[in-house]
Amino acid sequence: DAKTTQPPSMDCAEGRAANLPCNHSTISGNEYVYWYRQIHSQGPQYIIHGLKNNETNEMASLIITEDRKSSTLILPHATLRDTAVYYCIVRALYGQNFVFGPGTRLSVLP
Amino acid sequence: DAGVIQSPRHEVTEMGQEVTLRCKPISGHDYLFWYRQTMMRGLELLIYFNNNVPIDDSGMPEDRFSAKMPNASFSTLKIQPSEPRDSAVYFCASRSGATEAFFGQGTRLTVV
């Protein structure tokens, strides 16, 4: 079973920041938080991952709370192409597989 | 690298026929995963391999499903005989050690 809880859907205006929350209250000390997204009809795409420090790459930023029980994925300037289902996953670095929950369906509106 | 390559992209077959899905992982990756995605159940892990050896096949729905990885650059998922409830998108993914998993574009299977 997935170890994370995400809102089923969110809307965001184009050009604004999209903030996608994720709760992972049972996360273990050796588990990382990963974010993937799936654009319609495509395979899931890796976005970012982190352990306890905030992370940023060319796609997004990941903010993890100090107690590590929740995190937020931030898309700083959402575009229509960011419309997708976003999955938050917790997994040990050398864990065996990724367990996908239902994710959050983000709709970026013009 | 061209990424994880799956074939065919679309497959339509009649109930009772054998179906074979193919996957070429990213070169150098030692883990390979097969997932199935349906509207009802979302993304489910079917089986994964490490260094060509099946490690966990507990997600394989029943004996009609089988997967092989004869070498590091090729894997197949076979359904025999196929049934309409097998209709889904099947994804293959690969990774190396602690890296993130990279997914193929999937095979959309329709069994009529």
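See the structure above.
Keep in mind it's a predicted model, so treat the numbers as computed, not measured.

Novice: Explain the sheet that holds strand β7 (residues 70–75) of chain A to me, using residue names and the numbers behind them.
Specialist: Residue and element names in this part refer to chain A. Pairing within the open sheet is antiparallel, and its 4 strands lie in the order β2-β7-β6-β5. The sheet is open, and its two borders are formed by β2 (18–23) and β5 (55–56), each paired with just one other strand. Bridge count between β2 and β7: 6 bridges; the pairing is antiparallel. Looking across to β7, one finds that Cys22 is bridged to Ser71.

Novice: So what about the packing of aromatic side chains? Which residues, and what values?
Specialist: Aromatic ring pairs are described here by two measures, namely the spacing of the ring centres and the angle between the planes. All names here are of chain A. Throughout the structure, instances matching the rule amount to 13 aromatic pairs over all chains. Residues Tyr36 and Phe98 carry aromatic rings whose centres are separated by 5.3 Å and whose planes lie at 65° to one another, so their mutual orientation is edge-to-face. Placement of the pair is Tyr36 in strand β3 (residues 31–38) and Phe98 in the loop between β8 (84–92) and β9 (104–109), with a sequence separation of 62 residues.

Novice: Which residues make up the interface of chain A and chain B, and what values go with them?
Specialist: Bring the parts together and some accessible area is lost; that lost area is often taken as the interface size. Each partner contributes to the interface: chain A provides 17 residues, whereas chain B provides 19 residues. A combined buried area of about 1,500 Å² lies between chain A and chain B, and 52% of that area is made up of carbon and sulfur atoms. Where chain A touches chain B, the interface holds 0 salt bridges. Listed by contribution, the elements that provide at least two residues to the side of chain A that touches chain B are β3 and β8 of chain A. Here the side of chain A that touches chain B takes 3 residues from β3 of chain A, the largest share from any one element. Grouping the amino acids of the side of chain A that touches chain B by side-chain chemistry returns 9 nonpolar, 7 polar and 1 charged.

Novice: Explain unusual backbone geometry residue by residue, including any values.
Specialist: Residues and elements named next belong to chain B. The omega torsion of the bond from Ser7 to Pro8 falls at -10°, within 30 degrees of zero and hence cis. By the element assignment, Pro8 lies in the loop between β1 (5–7) and β2 (10–13). Here the amide bond leading from Gln80 into Pro81 is cis, since omega sits at -10°, within 30 degrees of zero. Along the chain, Pro81 falls in the loop between β8 (74–79) and β9 (88–95).

Conventions and cut-offs
- Residues numbered from 1 in each chain as written.
- Chains lettered and ligands numbered in written order.
- Predicted model: local features only at pLDDT ≥ 70, side-chain atom pairs only at ≥ 80, totals over all residues.
- Heavy atoms only, no water.
- Pairing = 2+ DSSP bridges.
- Helix = DSSP H or I, 4+ residues; strand = E, 2+ residues; numbered from the N terminus.
- Phe/Tyr/Trp six-rings, centres within 6.5 Å; stacked < 30°, edge-to-face > 60°.
- Contact = heavy atoms within 4.5 Å.
- Buried area = accessible area lost by both parts, 1.4 Å probe.
- Salt bridge = Lys/Arg side-chain N within 4 Å of Asp/Glu carboxyl O.
- Nonpolar A, V, L, I, M, F, W, Y, C, P; charged D, E, K, R; others polar.

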